[in-house]
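Residues per chain, in single letters:
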There are 2 protein chains.
Amino acid sequence: MTDDEQRRPVTTAATSLGILERLKSGGSMGPTGLASELGLAKSTVHRHLKTLEREGFVVPDDDGYRVGLRLLDFGIYARDQHQLYEVAKPKLDELAEQTGEKVWCVTEEQGRGFHLYGAAGAHSVRTPAREGTRSYLHQLAAGKAILSAFPDERVRDIVDRHGLPAKTPKTITAPDALFEELATIRERGFALNREEIVPKLHAVGVAVTDNEGHPVGAISISGPSNRLRGDRLTGDLADLLLGAANEVEINLNFS
Amino acid sequence: MTDDEQRRPVTTAATSLGILERLKSGGSMGPTGLASELGLAKSTVHRHLKTLEREGFVVPDDDGYRVGLRLLDFGIYARDQHQLYEVAKPKLDELAEQTGEKVWCVTEEQGRGFHLYGAAGAHSVRTPAREGTRSYLHQLAAGKAILSAFPDERVRDIVDRHGLPAKTPKTITAPDALFEELATIRERGFALNREEIVPKLHAVGVAVTDNEGHPVGAISISGPSNRLRGDRLTGDLADLLLGAANEVEINLNFS
DNA sequence: AAATCTTGTTCGAACAGTTCGAACGAGGGT
DNA sequence: ACCCTCGTTCGAACTGTTCGAACAAGATTT
């Protein structure tokens, strides 16, 4: 299933999607700016924008065009369809209330982690993560928990495909170190993240698996490193997460 | 700005987007099913799907392909970019807590209403609305509040473009009735919805405008008709909403 | 267990559509 | 009042897309 290269992509559609991505990463823009950044003719970009606008995927703006809310419609649909979301959500709210920290629910798609839902506790801190955010699995506690539930072969495919880019000096960047870490996670049941994605940010993560042992995602608790450390991190919080994940798994298999 | 028809749409991109929409409205599907429903060759659909998959917009599934979580990434981005969202959100949470009902924040795009964020109170009921949902403005309390803040000419454009489709027997379907209602809303400051979109569901809505008087959206409270009626609906709740909208407006104009 | 559907996938060739660049019109800035 | 930049339109060359047929793989049936 790991096709390296696509034989005959629909380049026209890819161009439209590229415009969409540029509007997301670069903010609002007009045809001229997009054309020069994407290396296309102004008229070409213009035509694409008009087509995207007709479907509501982009919308006119003071600075040109921006991504439209039609995408929120699609995105929320995608999330609601996901089996993990509806089952995990109430439990996450509960965990956030109990711990006061930020609690996330993450799932894997195409070898990347997607933040499905985040519940904010009373003392939760701001992090770069939002709902919908796509991250590298090896940079997340929840992501490493997911990886630990995959067979090694699958992990190797993911590493081959996406690499192990670093976010901080503590990010795991060596495949060997990753596999070692995954073995540890499998033993103790939960994953840890100590400033591997954001300095001063720690997290615990536990995988949620279906009744065949395949991960459908993971849940995690994250917070400032001086609050999430020692016994609280590897004891209380980890236990809490393990129990929650277990509950979710049971509810998952009867729905 | 109300271009009736597009001169030269990028039909290839439109095909891809059509596939995406079909996957959303019809659920997961494979190339064969999509091809027959969209009137395309199997091989064509296959190529589009592969391209969409490469960008994460669709993802393989047990039943073929489904819309991918990449769209959640885009959608949440679109929402976070929206000026109204970040300002209104905390206020909505507060209102939901106070009233116990479901509180929504809606904005307009291309003449349609988009549910940006919904806060659930303790007694809030389930409705078809989710975040991201696109609705007809005339079917919503918040939508009518938005329309009431538009110049008549703009409202006429929107009615011409989208019509006034009915959801229940009480939905406004005549332009004259709509304009009459909008005049009433302008006078008293808030909009009402009495079973115009869902039977037994009532709502109050108030527009949020910028310092030039243009609506950036609206906020609403909705709930069962026997709880949202009489003085509570047009008195307490309406007042609460008016105050909240006012607060949001002030915060909006200084950010 | 063999056979027969159906499904996802690949390929070539004809065709249709997209791309580019130049030119037009409009708006803002100097 | 001028100029510059932006969004928009148009025609023609050409590139990319579409279709249908054929293949492979899996599931279901007999």
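These figures come from a predicted structure and were not determined experimentally. (Residues numbered from 1 in each chain as written. Chains lettered and ligands numbered in written order. Predicted model: local features only at pLDDT ≥ 70, side-chain atom pairs only at ≥ 80, totals over all residues. Heavy atoms only, no water.)

### Regarding the domain arrangement of chain A
The parts lose accessible area when they come together, and the size of an interface is often stated as this lost area. Taken domain by domain, chain A holds domain 1 (11-68) and domain 2 (77-252). Using only C-alpha atoms to locate each centre, domain 1 of chain A and domain 2 of chain A end up separated by 34 Å. (Domains from an automatic or database assignment.)

### Observations concerning the pattern of salt bridges
Tallied over the full model, the rule gives 43 salt bridges over all chains. Arg22(A) serves as the salt-bridge partner of Glu37(A), at 2.2 Å between the closest nitrogen and oxygen. Within this pair, whereas Glu37(A) is found in helix H2 (residues 31-38), its partner Arg22(A) is found in helix H1 (residues 11-26), the two being separated by 15 residues in sequence. In this structure, the salt-bridge partner of Arg70(A) is Glu21(B), at a minimum N-O distance of 3.5 Å. On the criterion of chain membership, the pair formed by Arg70(A) in helix H4 (residues 70-81) and Glu21(B) in helix H1 (residues 11-26) is interchain, its members lying in two chains. For Arg70(A), a relative accessible area of 6% corresponds to the buried category. Judged by its relative accessible area of 23%, Glu21(B) falls in the partly exposed class. Among the charged side chains, a salt-bridge network with shared partners connects Glu21(A), Lys24(A), Arg130(A), Arg70(B), Asp73(B) and Asp80(B). (Salt bridge = Lys/Arg side-chain N within 4 Å of Asp/Glu carboxyl O. Helix = DSSP H or I, 4+ residues; strand = E, 2+ residues; numbered from the N terminus. Buried < 20%, exposed > 50% of the residue type's maximum accessible area, 1.4 Å probe, protein only.)

### Overview of the packing of aromatic side chains
Counted under the stated rule, the structure contains 4 aromatic pairs over all chains. Ring plane angle 40° and centroid distance 5.4 Å describe the contact between Phe57(A) and Phe74(A), whose orientation is recorded as tilted. Separated by 17 residues along the polypeptide, Phe57(A) in the loop between helix H3 (42-54) and strand E1 (58-61) and Phe74(A) in helix H4 bring together distant segments of the chain. Per residue, the accessibility class of Phe57(A) equals that of Phe74(A), and both read buried. Where Tyr85(A) meets Tyr117(A), the ring centres are 5.9 Å apart and the plane angle is 75°; that geometry is what we call edge-to-face. In this pair, Tyr85(A) sits in helix H5 (residues 83-99) while Tyr117(A) sits in strand E4 (residues 112-120), placing the two residues 32 residues apart along the sequence. Overall, the relative accessible area of 10% leaves Tyr85(A) in the buried class. Stacked on the ring of Phe74(B), the Lys or Arg Lys24(A) has its end atom at 5.5 Å from the ring centre. One Lys or Arg, Arg112(B), reaches over the ring of Tyr136(B) and ends 3.9 Å from the middle of that ring. (Phe/Tyr/Trp six-rings, centres within 6.5 Å; stacked < 30°, edge-to-face > 60°. Lys NZ or Arg CZ within 6 Å of the ring centre and 35° of its normal.)

### What about the nonpolar core?
Ranked by internal contacts, the top residues of the largest apolar core, which has 102 residues, are Leu20(A), Leu23(A), Ile219(A), Leu20(B), Leu23(B) and Ile219(B). In this structure, Leu20(A) is in contact with Leu52(A), Phe57(A), Val58(A), Val67(A), Leu71(A), Phe57(B) and Phe74(B), ignoring residues within four places of it in sequence. (Core = buried A, V, L, I, M, F, W, Y, C linked by side-chain atoms within 4.5 Å. Contact = heavy atoms within 4.5 Å.)

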